[in-house]
Amino acid sequence: MVIRLYDKERCLCDLIKDRNQIERQLYIQAIKEYFKNRPDVHKLLKYGKTFGIEEKIRTYMEVL
């Protein structure tokens, strides 16, 4: 059996990438909570570049 584990940066990228499939309030809360609790911005941007959402992440970083 294979169990795949993701870190919080990867989970956040998945949320951002698929933001239309999650409730808006939950989406916003997840992003705010991530940036409130000592984010690993380097890792987040690395994932963002891989998934093609780096600019969206940078926009959130500027706003928050």
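Rules of the game
Residues numbered from 1 in each chain as written. Predicted model: local features only at pLDDT ≥ 70, side-chain atom pairs only at ≥ 80, totals over all residues. Heavy atoms only, no water. Helix = DSSP H or I, 4+ residues; strand = E, 2+ residues; numbered from the N terminus. Rg over C-alpha atoms; globule rule 2.2 N^0.38 Å. Buried < 20%, exposed > 50% of the residue type's maximum accessible area, 1.4 Å probe, protein only. Contact = heavy atoms within 4.5 Å. Areas by Shrake-Rupley, 256 points an atom, 1.4 Å probe, with all protein chains shown as cover. Lys, Arg positive; Asp, Glu negative; His and termini not counted. Salt bridge = Lys/Arg side-chain N within 4 Å of Asp/Glu carboxyl O. Polar contact = N/O pair within 3.5 Å; in protein donor to acceptor, adjacent residues only side chain to side chain. Arc of directions from axis to C-beta. Core = buried A, V, L, I, M, F, W, Y, C linked by side-chain atoms within 4.5 Å.

S.K.: Can you tell me about the overall build of the protein chain, naming the residues and giving the values?
M.R.: Counting its regular elements, the protein chain contains four helices and zero strands. Secondary structure elements of the protein chain, listed N to C terminal, follow the sequence α-α-α-α. Taking 64 residues into account, the globule formula puts the C-alpha radius of gyration at 11 Å, and the protein chain, at 12 Å, falls close to it. Taking the principal axes of the C-alpha coordinates as reference, the protein chain spans close to 40 × 25 × 25 Å. Taking all 64 residues of the protein chain together, the buried fraction comes to 22%. Sequence-distant contacts, at least 24 apart, represent 61% of the contacts inside the protein chain between residues at least 6 apart. As displayed, the protein chain has an accessible area near 5,200 Å², and 50% of this comes from carbon and sulfur atoms.

S.K.: Quick one: what's the story with the side chain of Glu-9, residue by residue and with numbers?
M.R.: If you trace the backbone, Glu-9 turns up in helix α1 (residues 8-17). Despite its burial, Glu-9 remains without a salt bridge, the nearest opposite charge being carried by Lys-43 at 4.0 Å. A polar contact of 2.9 Å, which involves the side chain of Glu-9, links it to the side chain of Tyr-34. Residues contacting Glu-9, with those up to four places away along its chain left out, are Tyr-34, Asp-40, Lys-43, Leu-44 and Tyr-47.

S.K.: Please give an account of α1 that cites residues and values.
M.R.: Among the residues of α1, Glu-9, Arg-10, Leu-12, Cys-13 and Ile-16 are the ones counted as buried. Down the axis of α1, the buried set is contained in an arc of 160°. They therefore lie on one face.

S.K.: Please set out the nonpolar core residue by residue, giving values where relevant.
M.R.: Formed by Leu-12, Cys-13, Ile-16, Tyr-27, Ile-31, Tyr-34, Phe-35, Leu-44, Leu-45, Ile-53 and Ile-57, the largest nonpolar core amounts to eleven residues. Broken down by secondary-structure element, the contributors of at least two residues to this core are α1, α2 (24-36) and α3 (41-51). Among the elements that line this core, the one with the most residues is α2, at four residues.

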